[in-house]
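Chain by chain, the residues run as shown.
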Amino acid sequence: MELPEGLGWVGATPTGRAWLAALPTWLAECAEQWSLRLGPPFRQAYASLALPADLPDGTAAVLKLQYPDDDSRHEANALTQWAGDGAIRLLAHDPARRALLVERCRPGSPLHELPMDQALDVVTRLLPRLWRPAGAPFTPLAEEAAGWIDRMPSTWERAGRPYERRLLDAALALLTALVSSQGEQVLVNQDLHAGNVLAADREPWLAIDPKPLTGEREFSVVSMVRGPELGHSPAAVRHRLHRLTTDLGLDRERVRGWAIGHTLAWSVANELVFPHQIEVVRWLLD
């Protein structure tokens, strides 16, 4: 099976190579377990292998085999919590293989195909439905952010100091202040960008691929603010920040702070640097 290009990074680590080696067996076992007829993988995958799947009764589904990272560890729990309200439905789950069988969105076109303001209208209607009271087993945002604070200086050094020290200092200060002063804790998704909301037939738009945490509402719009899918420019980023905070009644400075901290924390992965993320941090700071 030819893997999507976006999964090319996986083979660079022992964990990734072990996962790749197990995929053919797991695919065959999942297909047999759930009586699936599988199609070729979706090409836009980056952190999992996803394939269209048809059940014996004709139900259109997606089989997803997750890369074993911590960020998506509780994806099935989040989908169960939402129960199809604003997000795709979970049809079956095999924790041992990190395999999820989920509802397929049809036509499946991504939200970023809409003009930016129309897309933001969708987000402001969708997000409040996903803000559910939540606790265990989801990781608290405070705990996740403490990990970013701890790792960011050494990650910055190992990557060859790919951005100015002032960005690192600002992000660390903002995260430290935000962690201890959060509002009500709800289920939030740290990867809700405009490529992870798809057009569907059951509802006009559904969220997919959550990376769930429990944290304050302000954190939940960070990926939509920074993501390049709806335009990558200072004006576009600042417009999304303004629209989302205004329409959802969120604290603008807290959203801005979380966006700076989270974006910089995700700007380096396995010593691979993402310059567009660093640009967003500069725009939000300046």
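Note that the coordinates shown come from a computational prediction; the quantities given were computed from them, not determined experimentally. (Residues numbered from 1 in each chain as written. Predicted model: local features only at pLDDT ≥ 70, side-chain atom pairs only at ≥ 80, totals over all residues. Heavy atoms only, no water.)

What to know about the packing of aromatic side chains
Summed over all chains, the structure comprises five aromatic pairs. Relative to Y163, the ring of W156 has its centre 6.2 Å away and its plane inclined at 40 degrees; by these criteria the two rings are tilted. The same class applies to W156 as to Y163, namely buried. Judged by centre distance (5.6 Å) and plane angle (80 degrees), the ring pair of F219 and W258 falls under edge-to-face. Taken together, the positions of F219 in the loop between strand 9 (212-215) and helix 6 (222-226) and W258 in helix 8 (residues 252-265) put the pair 39 residues apart, joining distant regions of the chain. With relative accessibility at 0%, the residue W258 sits in the buried group. Following the ring pairs from residue to residue traces out a cluster consisting of W9, W19 and Y67. (Phe/Tyr/Trp six-rings, centres within 6.5 Å; stacked < 30°, edge-to-face > 60°. Buried < 20%, exposed > 50% of the residue type's maximum accessible area, 1.4 Å probe, protein only. Helix = DSSP H or I, 4+ residues; strand = E, 2+ residues; numbered from the N terminus.)

A word on the sheet that holds strand 4 (residues 90-94)
Taken in spatial order, the five strands line up as 1-2-3-5-4 in an open sheet, and their pairing is antiparallel. Single-partner strands in this sheet number two, and they are strand 1 (37-38) and strand 4. Judged from the two bridges that link them, strand 1 and strand 2 (residues 48-54) form a sheet pairing that is antiparallel. Bridging across to strand 2, L38 finds its partner in A53. (Pairing = 2+ DSSP bridges.)

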